[in-house]
Amino acid sequence: MSETRTMQETFDCRVAFVEQLLELARQDRRIVVVCNDSVGSSNLVAFAKEFPDRLVNVGIAEQDMVGVAAGLANGGFIPFVSAAAPFLTGRAMEQIKADVAYSNYHVVLCGQSPGMSYGELGPTHHSIEDFAWMRALDNMTILAPADPVQTRAALRWAAGTDRPVYMRIGRYKVPAVTPADHDFVVGEADELRVGRDLTIIAVGTLVAAALQAAETLAGQGVQARVLNMATIAPLDEAAVIRAATETGRIVTAEEGVLHGGLGSAVAEVVVRHRPVPMRMLGVPHFAPTGKAGFLLDYFGLNAEGIVKAAVELANQSP
Amino acid sequence: MLLQTEFNMDSLRAQVASASVAERGRLLKDIATEIRISVLKTISHAGIGHIGGEFSAADILATLFFGVLRVDPQRPAWEQRDRFILSKGHCAVSLYCVLAKLGFIDSALLPTFAGPLSRLNGHPNRRKVPGVESNTGALGHGLPFGVGCAVAARIAGADWRTYVVTGDGELQEGSNWEAAMCAGDRALANLTVVVDRNLLQQGARTEDTNRLEPLADKWRAFGWDVFEADGHDHGLLFDTFTAPPSSKPRCVITHTTKGKGVSFMQDRVEWHHKVPSPEQVKQAVTELEAE
């Protein structure tokens with residue numbers, strides 16, 4: 001990881017996930033957890049201890065896992081499916097489509113260790129396609145909390161809705177990016193920094209990098225607006241249109257594929273409503289070997305990469 | 001058994017419930033014949049449908065819905081209802097005809113089947129058809145869903161039961177075996193899977209495609225009680241479905257004939273989704289009524 005990133009104090013979203021889940025389960029007996037031999041990797045040991053009857057571990061069987069979750073929703077429960085994001089989304093895609101999205105069951109799919117957080121385990125274990133795959137599904141709300149505060153808020157919201165939800169739960173520690181006076185409102189971009197020269201729209205692990213990039217850009221006389229787009233779907237189109245209209249340039253940054261993810265979602269709004277120059281940062285191909293931090297730097301998914309893209313854009317006439 | 005009085009039971013189901021063994025078989029047979037004729041007319045009118053599998057499953061559906069299931073057409077979302085999942089969702093017309101006869105939906109909807117904007121899609125949609133629990137159609141989805149229902153009843157301490165009807169070719173989908181293993185491991189005695197063993201799949205015989213036998217042994221090896229029954233013997237189906245639960249999930253392999261009841265359709269692979277001509281409909285009705 002770059003030096004600036006490691007200098008900040010960082011927090012574990014997984015701890016927030018399990019603490020909030022336990023709190024919700026204590027309040028609502030309908031909440032159950034479904035997992036695939038992932039009690040340890042999903043940090044569910046405490047949940048298993050406190051609610052042994054409400055933890056359904058189906059073993060290494062993701063299609064069954066998601067089908068079972070939909071059946072539990074049919075039977076009056078609120079299932080939180082907790083599994084490594086690449087296998088949850090990839091292996092059970094048709095169950096997610098038919099049993100959850102099309103059947104419109106209130107199942108909360110929690111993709112653990114998303115993006116390239118499994119680093120050197122390689123692309124089989126990376127979940128960089130999940131935004132694109134989930135965005136293709138009707139009825140699906142897609143969340144990617146950027147820090148523990150957002151993780152807790154996302155879980156609370158997901159427990160209270162009545163529709164399918166997919167959310168990423170980050171693996172590696174991240175800086176806190178949500179100011180104390182901000183709420184996470186699902187469906188609304190969180191403006192973390194004001195600016196009129198360009199807008200950086202980032203999600204999840206890239207939000208902290210976006211804030212650092214904005215700081216660097218400010219030193220160069222470029223005032224960048226920073227939006228934390230923790231809701232990928234339904235997208236806050238109004239915030240995107242405002243960014244295009246008021247700042248004229250947009251950089252997107254995500255730990256995911258370039259086709260179909262946040263950058264694509266923003267671009268779809270921009271071309272329909274207010275075409276402006278854009279740069280999209282993401283993962284362009286299957287990753288080489290290396291730890292997550294190395295891979296983020298390798299693909300320019302860091303403050304320096306965002307600054308570079310922003311400067312290119314700023315030098316381009318709108 | 002239909003002994004509960006807490007849900008609305010129409011006179012026909014009440015009659016089935018209180019009938020003698022012989023009388024019950026006759027009543028269910030008449031219902032199944034009516035369902036088949038209704039399916040035939042619906043598919044013929046729509047010009048699309050999977051009539052072979054509809055007819056192999058018609059007696060199973062008639063026996064379950066009119067003799068076994070604790071469901072309430074006036075309260076389709078009643079929490080204590082038994083769950084019925086048609087995993088072989090391509091045979092939706094039998095289900096629609098059963099639901100219409102029970103009053104879950106208006107039978108005037110049947111002629112709209114597969115038509116523009118009809119609530120009756122080619123495969124069932126729970127958001128449009130009361131009585132449907134899950135949007136099946138993609139194969140291998142019903143059993144995992146049913147396992148979830150059965151686990152839900154167990155966690156809730158509820159006594160409602162779950163019934164899943166699968167095709168036999170459908171058992172080539174691996175998701176079924178993930179779910180079978182899970183149900184066996186959890187000893188879900190409140191779950192019954194009914195396999196419509198008509199020996200045919202879309203393109204050929206199951207055993208010439210990807211062999212299923214020894215099928216009963218497979219289920220047993222996964223921890224299930226296995227019953228085998230003639231899938232067109234209503235009395236036997238009723239007895240098997242209502243036998244007292246053991247400590248294991250129940251698999252009923254029903255030996256059936258695709259296109260059952262119509263001479264030119266029976267056990268013919270091409271009648272998987274062929275649509276009968278008006279003359280064939282007439283002949284089929286005659287044969288079904290004569291059975």
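As the structure is a prediction and not an experimental result, all values here were calculated from the model.

Undergrad: Please provide a residue-by-residue account of the overall build of chain B, values included.
TA: Within chain B, the secondary structure is distributed over nine helices and five strands. Going from the N terminus to the C terminus, chain B shows its helices and strands as α-α-α-β-α-α-β-α-β-α-β-α-β-α. A globule of 291 residues ought to have a C-alpha radius of gyration of about 19 Å, and chain B, at 18 Å, matches this closely. With respect to the three principal axes, the spread of C-alpha positions in chain B is 50 × 45 × 40 Å. By residue count, 53% of the 291 residues in chain B fall in the buried class.

Undergrad: Give me the lowdown on the environment of Gln8(A), citing residues and values where you can.
TA: Turning to its location among the elements, Gln8(A) is positioned in the loop between helix H1 (3–7) and helix H2 (13–27). With 15 C-beta atoms packed within 10 Å, Gln8(A) lands in the partly exposed category.

Undergrad: Can you break down the interface of chain A and chain B residue by residue, with the values?
TA: Every contact between the two is made by 25 residues of chain A and, on the other side, 24 residues of chain B. Elements with a contribution of two residues or more to the side of chain A that touches chain B: helix H4 (62–74) and helix H6 (93–102) of chain A. Ranked by the residues each element gives to the side of chain A that touches chain B, the list is headed by H4(A), at nine residues. Classifying every residue of the side of chain A that touches chain B by side-chain character gives 11 nonpolar, nine polar and five charged.

Undergrad: Please set out unusual backbone geometry residue by residue, giving values where relevant.
TA: Glycine aside, residues mostly have negative phi angles, and peptide bonds mostly take the trans form. Geometrically, the link from Ala233(A) to Pro234(A) is a cis peptide bond, its omega value of -5 degrees lying close to zero. Take Pro234(A): it is sitting in the loop between strand E10 (231–233) and helix H10 (237–247). Positive phi values are uncommon outside glycine, yet Ala114(B) reaches one of about 65 degrees. Note on placement: Ala114(B) falls in the loop between helix H4 (92–102) and helix H5 (142–156). Backbone geometry at Leu117(B) places phi at a positive 65 degrees, although glycine is not the residue there. Inspection of the secondary structure assignment puts Leu117(B) in the loop between H4 and H5. Taking the C-beta count within 10 Å as the criterion, Leu117(B) has 5 such neighbours and is therefore assigned exposed.

Undergrad: How would you summarise helix H13 (residues 303–314) of chain A if you had to cite specific residues and measurements?
TA: For H13(A), built from 12 residues, the straight-helix expectation of 16 Å at 1.5 Å per residue is met to within 8% by its first-to-last C-alpha distance of 16 Å. Taken together, the buried positions of H13(A) are occupied by Ala303(A), Gly305(A), Ile306(A), Val307(A), Ala309(A), Ala310(A) and Leu313(A).

Undergrad: Just give me the short version of the nonpolar core, but keep the residues and values in it.
TA: Within the largest apolar cluster, 198 residues are counted, with the highest numbers of intra-cluster contacts made by Val34(A), Val81(A), Ile200(A), Ala210(A), Ile306(A), Ala310(A) and Tyr96(B). For this core, the element with the highest residue contribution is helix H3 (residues 51–68) of chain B, accounting for 11 residues. Counting the residues that make up this core, at least three belong to each of domain 1 (3–169) and domain 2 (190–310) of chain A. Contacts of Ile200(A), omitting those with residues within four sequence positions, involve Ala210(A), Ala213(A), Ala214(A), Ala224(A), Val226(A), Val251(A), Ala253(A), Ile306(A) and Ala310(A).

Undergrad: How would you sum up the confidence of the model for chain B? Please name residues and give values.
TA: Residue and element names in this part refer to chain B. Here chain B shows a mean pLDDT of 96. Residues at 70 or above account for 98%. Long-range and interchain partners of residues 1–5, a stretch whose pLDDT sits below 50, account for five contacts in this model, where long-range means more than four residues apart. In the predicted assembly, ipTM is 0.95 and pTM is 0.95.

Undergrad: Summarise the pairing of strand E1 (residues 83–86) of chain B; cite the residues concerned and give the values.
TA: All names here are of chain B. Side chains Arg83 and Ile85 project from E1 onto one buried face, and the interleaved Phe84 and Leu86 project onto a second face that is buried too. For E1 and strand E2 (residues 162–167), the ladder comprises four bridges, and the chain directions are parallel. Bridge pairing in E2 links Ile85 to Val164.

Undergrad: Summarise the domain arrangement of chain A; cite the residues concerned and give the values.
TA: The extent of an interface is frequently quoted as the accessible surface area lost upon association of the parts. Residue and element names in this part refer to chain A. Split into domains, chain A comes out as domain 1 (3–169) and domain 2 (190–310). A separation of 25 Å is found between the C-alpha centroids of domain 1 and domain 2. Taken together, the contact between domain 1 and domain 2 spans 24 residues of the former and 30 residues of the latter. If you list the elements that add at least two residues to the side of domain 1 that touches domain 2, you get H1, helix H7 (130–135) and strand E5 (141–143). Within the side of domain 1 that touches domain 2, the residues separate by chemical class into 11 nonpolar, eight polar and five charged.

Rules and cut-offs
- Residues numbered from 1 in each chain as written.
- Chains lettered and ligands numbered in written order.
- Predicted model: local features only at pLDDT ≥ 70, side-chain atom pairs only at ≥ 80, totals over all residues.
- Helix = DSSP H or I, 4+ residues; strand = E, 2+ residues; numbered from the N terminus.
- Rg over C-alpha atoms; globule rule 2.2 N^0.38 Å.
- Buried ≥ 20, exposed ≤ 12 C-beta atoms within 10 Å, placed from the backbone.
- Contact = placed C-beta atoms within 7 Å.
- Nonpolar A, V, L, I, M, F, W, Y, C, P; charged D, E, K, R; others polar.
- Expected span 1.5 Å × (residues − 1).
- Core = buried A, V, L, I, M, F, W, Y, C linked by C-beta atoms within 7 Å.
- Domains from an automatic or database assignment.
- pLDDT = per-residue confidence, 0-100.
- Pairing = 2+ DSSP bridges.

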